[in-house]
Amino acid sequence: MLEIIRTEPALATLETRLREAPLFSFDTETTGLDAWRCRVFMLSFAAGEDSWVIPTKLFATERLTAFLTTIFHEPSKEVVGANITVDLHHMKHSFGVECARRLHDVQLQAFLIDENRVLKLKELMRTEIGWDTKEEAAVHAWLKKNCGFQKTQLQINDLGNK
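Structure report, in brief. In this text the structure is predicted, and so the values were computed from the model without any measurement. (Residues numbered from 1 in each chain as written. Predicted model: local features only at pLDDT ≥ 70, side-chain atom pairs only at ≥ 80, totals over all residues. Heavy atoms only, no water.)

1. Section: the pattern of salt bridges
Considering all chains together, one arrives at six salt bridges under this definition. Residue Arg63 is joined to Glu15 by a salt bridge in which the shortest nitrogen-to-oxygen separation is 2.8 Å. On the criterion of sequence distance, the pair formed by Arg63 in helix 2 (residues 61–71) and Glu15 in helix 1 (residues 8–20) is long-range, its members being 48 residues apart. Considered together, Arg63 and Glu15 belong to a single accessibility category, that of buried residues. With a closest N to O distance of 3.9 Å, Arg102 and Glu78 form a salt bridge. Of this pair, Arg102 sits in strand 6 (residues 102–105) while Glu78 is found in strand 5 (residues 78–81), placing the two residues 24 residues apart along the sequence. Overall, Arg102 belongs to the partly exposed group, its relative accessible area being 46%. Each of Glu8, Glu15 and Arg63 takes part in a single network of salt bridges with overlapping partners. (Salt bridge = Lys/Arg side-chain N within 4 Å of Asp/Glu carboxyl O. Helix = DSSP H or I, 4+ residues; strand = E, 2+ residues; numbered from the N terminus. Buried < 20%, exposed > 50% of the residue type's maximum accessible area, 1.4 Å probe, protein only.)

2. Some points on the pairing of strand 3 (residues 40–47)
Within strand 3, seven of the eight residues are buried, which leaves it mostly tucked inside the rest of the structure. The pairing of strand 2 (residues 23–30) with strand 3 spans six bridges and is antiparallel. Paired with Asp27 across the strands is Ser44, a residue of strand 3. With antiparallel pairing between neighbouring strands as the criterion, strand 3 and strand 4 (residues 50–55) make up a hairpin whose turn holds two residues, including Gly48 at a positive phi of roughly 65°. (Pairing = 2+ DSSP bridges.)

In structure tokens:
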């Protein structure tokens, strides 16, 4: 089940859940591809069958920094992601938080298994699990429904933190 984290009580509950989780996945959504200039507008997590997204503009940067510090501090636990070094760069650059958890990068692992394989996440999803992604329309529909954005309204200022 996907839950959109919109309130402080929901964020506190998620913080406890992820702090205690031995393993969770992590991803960032940004306003562009330039890792030094773009801004994080959404954080996403999954653990077990549950997943959560946090629109960053709903919380103060200081609160998100405290949240991320708490959930990423335990070196005996693990986090997984696709090309996770980029997400960790965004977390450090935007929030000043570094990850102490053990890392699993599924794209790196796919390369180590077969260096001739296409490593784009969409292609891996299609070839490995038969899921053909058509995410642009889905992302815009989701943002419109859950965040009130119209496609023409998606500007960098709309997506930034408080």
